[in-house]
Amino acid sequence: MFTLLPLPYSFNALEPYIDTKTMEIHHDKHHKTYVDKLNAALEKHPELQKKKVEELLKNINSLPEEIRTAVKNHGGGHFNHSLFWELLKKNVKFEGKVAKAIEKEFGSFEDFKKKFSDVAMNRFGSGWAWLIVNNGKLEIYNTANQDSPLMENKVPILGLDVWEHAYYLKYQNRRNEYIEAFFNIINWKKAEDFFNQAKK
């Protein structure tokens, strides 16, 4: 059985960039639904219930066909959101190995920010923008719905949820303002942890 962990901070911790009500609904309703539906999908597969969600997603094509889509959607939703909550924190400096690697790969922080923002804006409909490690190299791309980079053997180190439920209460249709706000609440220390793990 998968469980929904509490947020690692209070619902209002990211104000004014992400509002309290959005965080409450996003975590307690949307994320909880992904967990509940993932558990329901695995109900008749006790051997799969023991695996980590990362393992299920990395081996998505070997899962029984009748549960593959549900695991992709709800397992992806659970993993993506669990990662997302950890990557949010105010007042964390852009520094360390991950900062150096980003500057080396994209030219500067501003160039990285522009490319990441463009990829997030250009995700048609619902999905995610990612900074990933692919074969040792940093890349920016987006995925549809709750698809996870793990399904393509890529390691996410930074992700932004661009489903409307992530921002609509505060920003309505102004996704660009939400993306801009995101850069004030990136937990670069956590991104550094993920980056270091990915490089091992």
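Let me sum up the structure you'll find in this document. Since the model is a prediction, treat every value here as computed from it, not as a measurement.

Each value, and the rule that gives it
- Residues numbered from 1 in each chain as written.
- Predicted model: local features only at pLDDT ≥ 70, side-chain atom pairs only at ≥ 80, totals over all residues.
- Heavy atoms only, no water.
- Helix = DSSP H or I, 4+ residues; strand = E, 2+ residues; numbered from the N terminus.
- Buried < 20%, exposed > 50% of the residue type's maximum accessible area, 1.4 Å probe, protein only.
- Areas by Shrake-Rupley, 256 points an atom, 1.4 Å probe, with all protein chains shown as cover.
- Axes fitted to C-alpha atoms, helices over the stretch in contact; angles between N-to-C directions.
- Parallel < 35°, antiparallel > 145°, perpendicular 65-115°, else oblique.
- Contact = heavy atoms within 4.5 Å.
- Nonpolar A, V, L, I, M, F, W, Y, C, P; charged D, E, K, R; others polar.
- Pairing = 2+ DSSP bridges.
- 1 Å grid on protein atoms, 1.4 Å probe; cavity = no way out; pocket = protein on both sides within 12 Å on 5 of 7 lines; lining within 4 Å.
- Points joined across faces, edges and corners; volume = space filled by probe spheres on them.
- Phe/Tyr/Trp six-rings, centres within 6.5 Å; stacked < 30°, edge-to-face > 60°.
- Lys NZ or Arg CZ within 6 Å of the ring centre and 35° of its normal.

A word on the overall build of the chain. The secondary structure content of the chain amounts to nine helices and three strands. From first element to last, N terminus to C terminus, the chain shows the α and β order α-α-α-α-α-α-β-β-β-α-α-α. By principal-axis analysis of the C-alpha atoms, the chain measures approximately 50 × 40 × 30 Å. With 200 residues in all, the chain has 48% of them scored as buried. As displayed, the chain offers around 10,400 Å² of accessible surface, 49% of which is attributable to carbon and sulfur atoms.

To continue, consider the packing of helix H5 (residues 97–106) against helix H6 (residues 109–121). Geometrically, a packed helix pair is captured by the angle between its two axes and the distance between the axes. Relative to each other, H5 and H6 sit at 75 degrees, their axes nearing to 8 Å. Relative to H6, the element H5 lies roughly perpendicular. Between H5, through Ile102, Glu103 and Phe106, and H6, the contact on the second element is made entirely by Phe109, Asp111, Phe112 and Lys115. The class makeup of the residues in the contact of H5 with H6 is four nonpolar, no polar and three charged.

On a regular strand, each side chain points to the face opposite its neighbour's, so the side chains alternate between the two faces of the sheet. Along strand E1 (residues 127–134), eight of the eight residues are buried, which leaves the element largely enclosed by surrounding structure. Neither face of E1 is open: one carries Gly127, Ala129, Leu131 and Val133, the other Trp128, Trp130, Ile132 and Asn134, and all of them are buried. In terms of strand pairing, E1 meets strand E2 (residues 137–144) through eight bridges, oriented antiparallel. Bridge pairing in E2 places Leu131 opposite Ile140. Linking two consecutive strands that pair antiparallel, namely E1 and E2, is a turn of two residues; a positive phi of about 55 degrees is found at Asn135 within it. Sheet analysis places E1 next to strand E3 (residues 155–161), joined by six bridges and oriented antiparallel.

So, on to the layout of surface pockets. Looking at the largest pocket, its volume works out to about 570 Å³. Forming the boundary of the largest pocket are 24 residues, of which Glu54, Phe79, Ser82, Leu83 and Glu86 lie nearest the centre. Looking at the lining of the largest pocket, the elements with two or more residues in it are helix H1 (20–41), helix H3 (53–58), helix H4 (65–86), E3 and helix H9 (188–199). The element best represented in the lining of the largest pocket is H4, accounting for six residues. Residue composition of the lining of the largest pocket, by class: 14 nonpolar, six polar and four charged.

Here we come to the packing of aromatic side chains. Throughout the structure, instances matching the rule amount to 17 aromatic pairs. With a centroid separation of 5.7 Å and an interplanar angle of 45 degrees, the aromatic rings of Phe106 and Phe112 are classed as tilted. Neither residue differs from the other here; Phe106 and Phe112 are each classed as buried. Taken together, the ring pairs in this structure connect Phe94, Phe106, Phe109, Phe112, Phe116, Phe182, Phe183 and Trp188 into an aromatic cluster. Over the ring of Tyr141 we find Lys154; its NZ or CZ atom is 4.2 Å from the centre of that ring. Looking at Lys170, its charged tip hangs above the ring of Tyr171, at a distance of 5.7 Å from the centre.

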